[in-house]
Amino acid sequence: QQQQQQRVPLQGSPPAAAPALAPLAFSPSTAPLPTPTPTCESKESCLSIIDRFLDGQPRQDIPTAGAGLVQIMSVNSLGGGPCGAFCDLPEESGRFDTYDNALAAIYWIKRGNLQNAAQILDVFIGLLYPADVAGIRSDVLYANMPSGRTLTLLAASYSSKAQAKAGDYFSEAVIDGAVDTGNNAWAGLAFVHYAASANSPCHTAVARDILHALTRNGCGDSLQGFVGRLPPFSLNYRSIENNIDVVALARSLGETKIEVWASRFVTSMRGRNTGFPHSYSMGTGRKVYCDDSQPEDPVPADGTFWNVLADADPNQDNLASALRFALQSPAPTAQGVDDMQGLWEQDVDLIYDGGSHPILTGTRFTTWGHGVQWENSAGAAMALLHYQDRYGNDEGLRLQEHARQVIDSLRHLLAMYGGVPASVLGGNMDAFKVKNHTAPYPGGSDTGISYTYLRYNHVASTAWTGLLLLYQANASEPIDEAANPLAIKASSVPKPNDFSCLPVMARPEQAATMGATLTRTESKVSSITDQEQTQGVCCPLKAIAMVVLDCCATRSCCQTGTGTRLDCCAGSVSPYAAAPAEVVPSYSPQSAMGTGSSR
C-alpha cells in the first residue's frame, strides 16, 4: 500500500504570497469587482458546448476506417501551471479508447445524433467480427455466439497509426491490447441504447453476442461474477465495476440469469474489505483463476456510484451505507487511515486566468487518490439524484445539495474550457511521480492506483456531464431516467432477430437458437429445444477447479479449458447454489484505471 500524503483543505494551494503592494486609491464606488467565474446558465447552452466539443474531437486518421473512433483527450492541454519542467504538458498524441467511445456514442444517441453514434458502432462491429479467423489466436476467439458468428472482443485502446482488425491486440494499430470485461460491457450498452433509439434488432444482436462472450469467463464459486481481464493478457481478478457493467448490460437484454450472477458478486463485495466495512471492495485477488482472496485495496468511486445507477446491489441499506461513506471528506490534516475515509473533495483551479479561481466540488477516483476526477464526479451526481428518486429518502445525506455542488462545478468548467477536463490540478507526469499531494501543481488528479488524470479536456468527463444534464439539469425538472446509461429497460429494446449490420461471412445454420457453448473453436451446431436444454448436466472442470454451469445437448460435459456458462442446470448442482468445497473463488482488482487506461 502506498504511503499517503498529508492533505490540505483545498487541493492545489497557491504558492507563498508576494510582498504586499501599497493599496490603490479606489473609492468604494469605483473599486473593480472580482471577475466572476463564468458558467453556462441554461441547460441547452451547456449541452451546446458539449456538442461542439465532442463533434470537434479528432477522429482516427485512417482512410479505411470511415469516420473512425474519437480521440479521448483534447489535442492541446489546458496548461499545467508555472512550475517549469514539472508543469509542461505536451500535445496529446492520440488514444482512441473503447470505453470513452462507447460513452460518447450513448450521449450522441440521447441527443438524437444517431449518425455520429453509428460511426463509432460501425468501427466496433468491424473489430468484433473477423471476416476470417485464420491467423487469430484461438484463445481470443468466441465461437458460436447467439448470432451464429465468431466474436473477438474489443481491446482497451486503439491508435491512428494503422487500421486495427478483429482479433488484433499486438500491432501498432493498438495502444492497449488489454481485453477488459467492463470496456466491452460498455460497448454492449452503446449497442443496446442505439438499438432502442433506432429500432435496430441487429444492434441488439451485437450486444447479445458481447454479453455471451463475457459470460464464458464466469466463476462458479460462492462469490459468482465474471473475471475482469480476458485473453490474450488474462488476469484472474474479479472487479466490482466490471460486474456492475455486466448487470446493466444483462438486464437491458432480459438475460436474468446472467444479471443475477453478476449482481451477487457485487453484493458480496459489501464490507468484504475489512478496512472499509461500510463500503464496497474493489474486487478480489489475482493469483489463481477466479481467485477469492481479498487484497488491501482502496474503495473505488464507481463501485458505489455506478452501483447505485445500475441498481446492481438490490439492498438499499447497503447502498445507503456506501453513499454515507463516499460523501465524507477527510479532515485537512488527515494522514494514513484517516485520509482514506470518504471520497468527496474540493479543488481550486489555480491556473484558470479568465476570472476568479473557482472552488470546485466532486469525487476522487479512489480512497487512495487525490484530487477531483470529473468523469466519476458527473456520474456520482447522477447517482445521488437517482437514489433519492428511486427510494424517496435523502438518508440525511443532503443528496440534492451534493449533486447540485457537482452540477454547478461542471457548468463552470464547460464555460471556462469549452469541455470538461479530466482534472483541474496542474503538473505533468513527472510531477505525479513525485507523489507530493500538497504541491500546488501535483501532477493532476491521482487515482491512487498507478495512474493520474491531467489537464486536458476529456471525452468521458464531457459525455458524462452531458448525460447528467439530460438526466436533470435543474431541481425543478423531472428526472429523465432514459439518460442514465446504466439503466435501459429490456422492454424498449428490439429482439435480436436481424443480422444485416454484421459483416458478410459464413454462419452456422440455426446457431442463433442455441445458447453459446464453451468451445473456442469454430464448429457447426444444430438447434436444440428448450426441453433438451433443461436436460444438461453440471460438471466440474478439474483443470481450473471450476463448475461448468451449462447444458449440453449431448447430455455430457462440455470439455473446455476456460470459463463458465450460465445456463440451465437440471443436475444436483444449481447455478445459484453455493460453490462446491473444491471450487477456488474470487477476483483481484488490477489497476482499473478508468478511461486513462482501461475500465
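Residues numbered from 1 in each chain as written. Predicted model: local features only at pLDDT ≥ 70, side-chain atom pairs only at ≥ 80, totals over all residues. Heavy atoms only, no water.

(A) Structural view of the confidence of the model for the chain. Scored by pLDDT, the chain comes out at a mean of 82, with 77% of its residues at no less than 70. In this model, residues 1-29 is a region of pLDDT below 50 whose contacts with residues beyond four sequence positions or in other chains number 52 contacts. (pLDDT = per-residue confidence, 0-100. Contact = heavy atoms within 4.5 Å.)

(B) Seen up close, the packing of aromatic side chains. Evaluated as defined, the whole model comprises 13 aromatic pairs. Taken together, a centroid distance of 6.4 Å and an interplanar angle of 45° make the contact between Phe 124 and Phe 191 tilted. Taken together, the positions of Phe 124 in helix H3 (residues 114-128) and Phe 191 in helix H4 (residues 181-198) put the pair 67 residues apart, joining distant regions of the chain. We classify Phe 124 as buried; its relative accessible area is 0%. Where Trp 186 meets Trp 306, the ring centres are 5.2 Å apart and the plane angle is 65°; that geometry is what we call edge-to-face. Here Trp 306 lies in helix H8 (residues 301-310) and Trp 186 lies in helix H4, a separation of 120 residues in the sequence. Its relative accessible area of 0% is what places Trp 186 among the buried residues. The buried category is assigned to Trp 306, whose relative accessible area is 1%. Counting every residue linked through ring pairs, the aromatic cluster contains Tyr 99, Trp 186, Trp 306 and Trp 464. (Phe/Tyr/Trp six-rings, centres within 6.5 Å; stacked < 30°, edge-to-face > 60°. Helix = DSSP H or I, 4+ residues; strand = E, 2+ residues; numbered from the N terminus. Buried < 20%, exposed > 50% of the residue type's maximum accessible area, 1.4 Å probe, protein only.)

(C) Here's a closer look at the pattern of salt bridges. According to the stated counting rule, one finds 13 salt bridges in the structure shown. A salt bridge links Glu 44 to Arg 111; its shortest N-O distance comes to 2.9 Å. Of this pair, Glu 44 sits in helix H1 (residues 43-56) while Arg 111 sits in the loop between helix H2 (98-110) and H3, and the two are 67 residues apart along the sequence. By relative accessible area, which is 27% here, Arg 111 ends up partly exposed. Here Asp 221 makes a salt bridge to Arg 238, at a shortest N to O gap of 2.8 Å. Residue Asp 221 is found in the loop between helix H5 (201-214) and strand S5 (229-230), and its partner Arg 238 is found in the loop between S5 and helix H6 (240-252); the two are separated by 17 residues along the sequence. Among the charged side chains, a network of salt bridges with common partners joins Glu 44, Asp 51 and Arg 111. (Salt bridge = Lys/Arg side-chain N within 4 Å of Asp/Glu carboxyl O.)

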